[in-house]
Amino acid sequence: MNVSAQAQRLREHVRNAWSGEGSLMELSNPGPGGARVILGIVLPVGAVLVAALPWMVFWNRLPDPVATRWDLAGDANAHMSPLSAALLFVGLVVVLGVSVAAATRLVSSRPSNDASRGGFLLGVLVFAMTLMAVASGLTVAANIDVASWRATHLGLGWVLALVLFSLTQGELGAALARRLALTISSEPIGEADRAGSAVDRPTVDLAAGERVAWVGACGSRVLSRLGAGLVVGAAVFGVLSPVGGLTVWAVLLGTGLALVVVASVRVTVGAHGVRVHPGMVRWPSVVFPLNSIGMASAIDVGALEWGGWGYRGSIRVFRRAAWVVRQGEGLRLDLTDGCVFAVTVDDAETAAAVLNDLLSRA
Amino acid sequence: MLIRIDASDSGPLYEQIAGRLRALIADGEVGPGDRLPTARELAESLDVNMHTVLRAYGELRDEGLVEMRRRRGVTVRAAGAGRARLTELVRQLRDEARQQGVALEELHRLVEEAG
């Protein structure tokens, strides 16, 4: 198949994908309207409710003053009058909620191919808003029915769980914002770029019947050391405080292991298509068969553009995913169904060349 | 690393695979301690039987270029690059001799005399 026919086929796929022809996926895949409502209304209003309702409901069962900060051991070390604490928490969440709503409006009113900045901004805002809202609720929960603020207790496990939960919410906010920005943009994934790289796409001049395999890898020392550090920390923590610290221990260990796994990546390209898996173990792996790939290109991966480090996004839900280990060279796959996958890997140019040759031969 | 197997080449597949890997090691494209793809990965990419790849790896191990360990996979040995170049030169020598109709015993004698 020649290049222009292939580009044409891709364009059609992209158009079909973005026109939102009904599929099973649509249920879990909010359209632009849905994403706007969730980001601009549901999340901010929800956050304000989570922040404010506990104060209103349990007002009569709180001590005066209330505890507002706890040390690592979980003992209270700062206090405030209930009214100041409630106003501070709820006020902050309202300000952040308004910011989230405003940022959502901004992202949806300015069509742009560069969905990265809006996504990052909204991710951070949603993270901060969730953190403050849930912290507000937790503060009330810790203060209910105690004689004095000194008697309250809030374990580190709760705090870690709070941060983790807020991170997932931030992640969700960023993904929704990117989806919003991408969907309203008239040219979803840079038609011009695509045409350009389709013309002077790299090639390794693969002969008919020639067999080829390409193996590439890349890793991040910072990420893997951070992960290893967390695992060691979890081990130390487990030994030192075996009782009561199970949540902290599990969170530390899980995060550490996950970091170690995603800190390096290995990519193989060949007759099977593309397989991506962690550098150390073969599981979990992501496979894209040759017939699912429309075109491959070598790109410069900016971590913010794809939502940070690690495995970001979801092909199924957001039609866009990336495995980012470091900034820089990466392989981008434009799938025939309009989805986009990117993975950071050294010598991505050769990988893209091999893939395109395999594709044009198929 | 890029491994290409020319379909028009004669000779068994495993030898072609071993040859290409040997060249990569000789050129230093894969260095000491580097991990080669697992036999399963390579077999999947090249669309060949896994035993073909294992046989190629076995050959490289016998030549002293790589180390095969359970779990750790196939890694290039410290002396791998030098050995690979040497093996390649010996093969070139053999091919040249074969082309000129020089018998193996004669070649042996020539090498010994040179030393």
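Quick caveat, the model's predicted, so the values are computed rather than measured.

Caption draft 1: Main features of the confidence of the model for chain B. The predicted model of chain B has a mean per-residue pLDDT of 88, with 99% of residues at 70 or higher. In the predicted assembly, ipTM is 0.80 and pTM is 0.60.

Caption draft 2: How the structure looks around the packing of helix 1 (residues 13-26) of chain B against helix 4 (residues 80-100) of chain B. Residues and elements named next belong to chain B. Between helix 1 and helix 4, the least distance of the axes is 7 Å, while the angle of their chain directions is 125 degrees. It follows that helix 1 is oblique to helix 4 by the angle criterion. With respect to the hand of their crossing, helix 1 and helix 4 are arranged in left-handed fashion. Contacts between helix 1 and helix 4 involve Gly19, Arg22, Ala23, Ile25 and Ala26 from the former and Gly80, Ala81, Ala84, Arg85, Thr87, Glu88 and Arg91 from the latter. A per-class count over the contact of helix 1 with helix 4 returns 5 nonpolar, 3 polar and 4 charged.

Caption draft 3: Representation of the environment of B:Met1 within the structure. Secondary-structure assignment places B:Met1 in the segment before strand 1 (2-5). Accessibility expressed as a relative area gives 18% for B:Met1, which makes it buried. With 35 residues separating them in the primary sequence, B:Met1 and B:Leu36 have C-alpha atoms 9.0 Å apart. Ignoring any residue separated from it by four or fewer positions in sequence, one finds B:Met1 in contact with A:Ala213, A:Trp214, A:Val215, B:Leu24, B:Val30, B:Arg35, B:Leu36 and B:Pro37.

Caption draft 4: Inspection of the packing of aromatic side chains at higher detail. Residue and element names in this part refer to chain A. If you walk through the whole model with that rule in mind, you get 4 aromatic pairs over all chains. Each ring, one from Tyr311 and one from Trp323, has its centre 5.9 Å from the other, and the planes form 80 degrees; the classification is edge-to-face. With Tyr311 in strand 8 (residues 310-314) and Trp323 in strand 9 (residues 320-324), this residue pair connects regions lying 12 residues apart in the sequence. A relative accessible area of 33% means that Tyr311 is categorised as partly exposed.

Caption draft 5: Geometry of the environment of B:Ala97. Residue and element names in this part refer to chain B. Tracing the backbone shows Ala97 in helix 4. Among the residues examined, Ala97 registers a relative accessible area of 7% and is labelled buried. Separated by 10 residues in sequence, Ala97 and Leu107 have C-alpha atoms that sit 7.2 Å apart. Those residues within four positions of Ala97 in sequence are excluded, and the remaining contacts are Val102 and Leu107.

Caption draft 6: View of the packing of helix 1 of chain B against helix 3 (residues 50-62) of chain B. All names here are of chain B. For the pair helix 1 and helix 3, the least separation of the axes is 8 Å and the interaxial angle reads 50 degrees. Here helix 1 is positioned oblique relative to helix 3, judged by the angle of their axes. Of the two elements, helix 1 crosses helix 3, and the hand of that crossing is right-handed. Each of Leu13, Tyr14, Glu15, Ile17, Ala18, Leu21 and Arg22 in helix 1 lies in contact with helix 3, whose residues at this interface are Thr52, Val53, Arg55, Ala56, Tyr57, Glu59 and Leu60.

Caption draft 7: Representation of the interface of chain B and chain A. Contacts between chain B and chain A engage 20 residues on the former and 23 residues on the latter. Regarding the contact of chain B and chain A, the summed buried area is about 1800 Å², with carbon and sulfur atoms giving 45% of it. Applying the counting criterion to the chain B and chain A interface returns 3 salt bridges. Here B:Arg4 and A:Glu210 are joined by a salt bridge, their closest N and O atoms 2.9 Å apart. Per-element tally for the side of chain B that touches chain A: the top contributor is helix 2 (residues 39-46) of chain B, with 6 residues.

Caption draft 8: Here's a closer look at helix 2 of chain B. For helix 2 of chain B, the buried fraction is high: 6 of the 8 residues fall into the buried class. Of all the positions in helix 2 of chain B, only B:Ala39, B:Glu41, B:Leu42, B:Ala43, B:Ser45 and B:Leu46 are classed as buried. Its buried side turned inward, helix 2 of chain B meets strand 3 (211-219), strand 4 (264-270) and strand 5 (273-278) of chain A together with strand 1, helix 1 and helix 3 of chain B. Just past helix 2 of chain B, the residue B:Asp47 takes up positive phi, approximately 60 degrees.

Rules used throughout
- Residues numbered from 1 in each chain as written.
- Chains lettered and ligands numbered in written order.
- Predicted model: local features only at pLDDT ≥ 70, side-chain atom pairs only at ≥ 80, totals over all residues.
- Heavy atoms only, no water.
- pLDDT = per-residue confidence, 0-100.
- Axes fitted to C-alpha atoms, helices over the stretch in contact; angles between N-to-C directions.
- Helix = DSSP H or I, 4+ residues; strand = E, 2+ residues; numbered from the N terminus.
- Parallel < 35°, antiparallel > 145°, perpendicular 65-115°, else oblique.
- Left-handed = near helix turned anticlockwise from the far one by under 90°.
- Contact = heavy atoms within 4.5 Å.
- Nonpolar A, V, L, I, M, F, W, Y, C, P; charged D, E, K, R; others polar.
- Buried < 20%, exposed > 50% of the residue type's maximum accessible area, 1.4 Å probe, protein only.
- Phe/Tyr/Trp six-rings, centres within 6.5 Å; stacked < 30°, edge-to-face > 60°.
- Buried area = accessible area lost by both parts, 1.4 Å probe.
- Salt bridge = Lys/Arg side-chain N within 4 Å of Asp/Glu carboxyl O.

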